[in-house]
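Chain by chain, the residues:
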Amino acid sequence: MTATIFVLNGPNLNLLGLREPEVYGSDTLNDIEDRVRARGKTLGFEIDFRQTNVEGQLVDWVQEARTKAKGLIINPAAYTHTSVALHDAIKAVGVPAIEVHLSNTYAREDFRHHSYVSPVAHGIVVGFGAYGYELALEGLARIVSKN
Ligand code: DQA
């Protein structure tokens, strides 16, 4: 059976392409999904790609990953900087998680410099724009294939 990787996206990422393109680029979330899916295929993974604006929904999906996914890639968007619940969920499920941000959050406002997710992430990809999702998948593939 093909292993599944969850790719979870938080609030306002449904607006990619329209939203501050000078910061986040001109690719839409659908463009990113297509590329991650294609890369997943060559690496031998099924990609389950989702977006929500709701914090509790992200928590539910992280919990779902415990039994359904070999690993997860998450761009928690603004919840990165606020969500103890996401921190706890990722820690609880024990599925390797890669945190992705399109922008270099450390080169932006101070409130973006702290992440509740980073301490429980296996790895972090920041500042590579949409390509960061593919980099995250490459990295996760190495981790998952060792498990
Ligand atoms: C983001 C960075 C966050 O600070 C911001 O709230 C987002 C997007 C990124 O991908 O660069 O919504 O996660």
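Anything mentioned here points back to the structure above.
Residues numbered from 1 in each chain as written. Predicted model: local features only at pLDDT ≥ 70, side-chain atom pairs only at ≥ 80, totals over all residues. Heavy atoms only, no water.

Caption draft 1: Summary view of empty space enclosed by the protein. Applying the stated rule across the entire model yields one cavity of 30 Å³ or more. Size it by volume and the largest cavity reaches roughly 30 Å³. As for the largest cavity, its lining consists of T80, H81, E99, H101, T105, Y106, R112, S115, I124 and V126. Listing elements by their share of the lining of the largest cavity, those giving two or more residues are strand 4 (97–101) and strand 5 (123–126). A breakdown of the residues in the lining of the largest cavity according to their chemical character gives three nonpolar, five polar and two charged. (1 Å grid on protein atoms, 1.4 Å probe; cavity = no way out; pocket = protein on both sides within 12 Å on 5 of 7 lines; lining within 4 Å. Points joined across faces, edges and corners; volume = space filled by probe spheres on them. Helix = DSSP H or I, 4+ residues; strand = E, 2+ residues; numbered from the N terminus. Nonpolar A, V, L, I, M, F, W, Y, C, P; charged D, E, K, R; others polar.)

Caption draft 2: Broad picture of the packing of helix 3 (residues 55–68) against helix 4 (residues 84–93). Across the interface, helix 3 lies against helix 4 with an axial gap of 9 Å and an inter-helix angle of 5°. With respect to helix 4, the element helix 3 is oriented roughly parallel. Within the contact between the two elements, helix 3 uses E55, L58, V59, V62, Q63 and R66 and helix 4 uses A85, L86, A89, I90 and V93. Of the residues in the contact of helix 3 with helix 4, the class split is eight nonpolar, one polar and two charged. (Axes fitted to C-alpha atoms, helices over the stretch in contact; angles between N-to-C directions. Parallel < 35°, antiparallel > 145°, perpendicular 65-115°, else oblique. Contact = heavy atoms within 4.5 Å.)

Caption draft 3: Inspection of the site of the ligand at higher detail. Inspection of the region around the ligand gives R19, Y24, N75, A77, A78, H81, H101, L102, S103, T105 and R112 as its neighbouring residues. In the model, an oxygen atom of the ligand is placed 2.9 Å from a nitrogen or oxygen of the R112 side chain. Isolated, the ligand exposes 320 Å² of accessible area, and the fraction of that covered by the protein chains is 99%. Taken together, the residues that form the shell around the ligand break down as four nonpolar, five polar and two charged. (Near = heavy atom within 4 Å. Polar contact = N/O pair within 3.5 Å; in protein donor to acceptor, adjacent residues only side chain to side chain. Areas by Shrake-Rupley, 256 points an atom, 1.4 Å probe, with all protein chains shown as cover.)

Caption draft 4: Broad picture of unusual backbone geometry. Phi is positive for N12, which is not a glycine, with a value near 75°. Look at E20: it is not a glycine, yet its phi comes out positive at around 35°. Mapped onto the elements, E20 comes out in the loop between strand 1 (3–9) and helix 1 (21–24). On the basis of relative accessibility, which here comes to 37%, the residue E20 falls in the partly exposed class. (Buried < 20%, exposed > 50% of the residue type's maximum accessible area, 1.4 Å probe, protein only.)

Caption draft 5: View of the sheet that holds strand 1. In space, the five strands of this open sheet follow the order 2-1-3-4-5, with parallel pairing throughout. Whereas interior strands pair on both sides, the edge strands pair on one side only; in this sheet they are strand 2 (45–51) and strand 5. Neighbour to neighbour, the strand axes of the sheet diverge by 20° on average, direction disregarded. Bridging between strand 3 (residues 71–75) and strand 4 involves three bridges; their strand directions are parallel. (Pairing = 2+ DSSP bridges.)

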